[in-house]
Amino acid sequence: TMIVGNNIGINNAYQNTTNKASGYKNVREYSKYLRGKYDCLTPGRNVAVSVTPGMLKKAMTDEKTGKWLERELGKAPDYIKQAQQAASARGSKLLSCTIEFGEEYTTMCVCAVTDTPGTDEDIDKWLERVKEKKEEQKKLEQRLIFKGKDLKSVTESFIEEMSNVNSILSSVTGFDVKA
């Protein structure tokens, strides 16, 4: 049996004025921030996580809602993994899964399951990609401290370390120097 759900995705339809609390000029800017921070918002072949335009607008203007949305987006891949594990435990296979976060803290999850055992390769790949991106994000968020006896040795240490992490680091915003 297959159930087809409607995936609205992050929509740029709403435009509103800057909210002093959020610092975002409009919903488009806020959704771009969320897509950059939460790779789960990039759909896969059989899996998608989305946020309704109304929820985006509300989360951007209401701190409590914004925190809830970000917490849930952080957990969304786990929800999909749990659905996949639950299906496998019953001898079934999760064929597709969509999660949509909507207004009034509503969450809609549509899953399609078959009685064939195993896991869907496309969902497995999506989960792995999201996990890898999350690990890269954590590495980027770690604070780097370079120590040395003088500025030259600190600079050399910095250059050496940056060459090691260059594949995941797109820009450096600053670093602490302790000589």
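Starting from 1, residues in each chain are numbered consecutively following that chain's sequence as written. Where local features are concerned, this predicted model is filtered to residues with pLDDT of at least 70; where side-chain atom pairs are given and counted, the filter is 80 or more; whole-chain, interface and lining totals use all residues. Each side-chain value is derived from all of the structure's non-hydrogen atoms; neither hydrogens nor water enter the calculation.

Draft legend 1. Spotlight on the sheet that holds strand β2 (residues 93-102). For two strands to pair, DSSP has to find at least two bridges joining them. Counting from the N terminus, the helices are the DSSP runs of H or I reaching at least four residues and the strands are the DSSP runs of E reaching at least two. Taken in spatial order, the three strands make up an open sheet running β1-β2-β3, and their pairing is mixed. Each edge of the open sheet is held by one strand with a lone partner, namely β1 (47-51) and β3 (106-114). With direction set aside, neighbouring strand axes in the sheet form an average angle of 10 degrees. Bridge analysis of β2 against β3 gives nine bridges, and the strand direction is antiparallel. In the sheet register, Leu-94 faces β3, and the bridge partner there is Val-113. This element, helix α3 (residues 63-89), spans β1, β2 and β3 of the sheet and lies at about 160 degrees to β2. Think of each axis as a best-fit line through the C-alpha atoms, taken over the contacting stretch in the case of a helix, with angles from 0 to 180 degrees between the N-to-C directions. In what follows, residue pairs with any heavy atoms lying within 4.5 Å of each other are defined as contacts.

Draft legend 2. Seen up close, the pattern of salt bridges. Salt-bridge detection follows one rule: a side-chain nitrogen of Lys or Arg within 4 Å of a carboxyl oxygen of Asp or Glu. Applying the stated rule across the entire model yields six salt bridges. In this structure, Lys-37 engages Glu-70 in a salt bridge whose closest nitrogen and oxygen atoms are separated by 3.1 Å. Taken together, the positions of Lys-37 in helix α1 (residues 27-37) and Glu-70 in helix α3 put the pair 33 residues apart, joining distant regions of the chain. Burial classes follow relative accessibility: with a 1.4 Å probe on protein chains only, a residue under 20% of its type's maximum area counts as buried, one over 50% as exposed, and anything between as partly exposed. A relative accessible area of 35% places Lys-37 in the partly exposed class. Take Glu-70: its relative accessible area is 18%, and that puts it in the buried class. Across the pair Asp-39 and Arg-129 runs a salt bridge, and its minimum N-O distance is 2.9 Å. Of this pair, Asp-39 sits in the loop between α1 and β1 while Arg-129 sits in helix α4 (residues 121-141), and the two are 90 residues apart along the sequence. The class for Arg-129 is partly exposed, based on a relative accessible area of 26%.

Draft legend 3. Highlighting a negative patch on the surface. Together, Glu-128, Glu-132, Glu-135 and Glu-136 line one region of the surface with negative charge. Its location among the elements puts Glu-132 in helix α4. The patch calculation keeps residues exceeding 30% relative accessible area without a salt bridge and links them within 9 Å when they carry like charges or within 5 Å when they are nonpolar (Val, Leu, Ile, Met, Phe, Trp, Tyr). The Shrake-Rupley method, run with a 1.4 Å probe, gives the accessible areas here. Residue values count only the displayed protein chains as cover. We count Lys and Arg on the positive side and Asp and Glu on the negative side, and we leave His and both chain ends out. Think of each charge as sitting on NZ of Lys, CZ of Arg, CG of Asp or CD of Glu.

Draft legend 4. How the structure looks around the nonpolar core. The biggest cluster of nonpolar side chains holds 28 residues, and the ones touching the most others in it are Cys-40, Val-49, Leu-69, Leu-73 and Ile-80. When residues of this core are traced back to their parent elements, those giving at least two are α1, β1, α2 (53-61), α3, β2 and α4. Examining the composition of this core, we find that six residues originate from one element, α3, more than from any other. If we ignore the near neighbours within four places in the chain, the residues touching Cys-40 are Val-49, Leu-73, Ala-76, Pro-77, Trp-126 and Val-130. What is meant by a nonpolar core is a set of buried Ala, Val, Leu, Ile, Met, Phe, Trp, Tyr and Cys residues, joined one to another through side-chain atoms within 4.5 Å.

Draft legend 5. Up close: unusual backbone geometry. The phi torsion at Glu-104 lies on the positive side, around 60 degrees, for a residue other than glycine. Looking at where Glu-104 falls in the secondary structure, it is placed in the loop between β2 and β3. Under the relative-accessibility criterion, Glu-104 is labelled exposed at 58%. Phi angles above zero are rare outside glycine, and Tyr-105 is one such case at about 60 degrees.

Draft legend 6. The arrangement of the side chain of Thr-65 in detail. Among the structural elements, Thr-65 can be located in helix α3. Note on Thr-65: relative accessible area 0%, which makes it buried. Here a polar contact means two N or O atoms within 3.5 Å. Within protein one must be a hydrogen donor candidate and the other an acceptor candidate, and residues neighboring in sequence count only if both atoms are side-chain atoms. Only 2.4 Å separates the side chain of Thr-65 from the side chain of Asp-62, close enough to count as a polar contact. In terms of polar contacts, Thr-65 uses its side chain to reach the side chain of Tyr-105, at 3.0 Å. Those residues in contact with Thr-65 that lie beyond four places of it in its chain are Met-55, Lys-58, Ala-59 and Tyr-105.

Draft legend 7. Seen up close, the environment of Val-47. Looking at the secondary structure, you find Val-47 in strand β1. A C-alpha to C-alpha distance of 7.6 Å links Val-47 and Trp-126, two positions 79 residues apart in sequence. With residues near it in sequence (within four places) discarded, Val-47 still touches Ile-80, Cys-97, Ile-123 and Trp-126.

In short, the description is geometric, and any link to function would need to be established separately.
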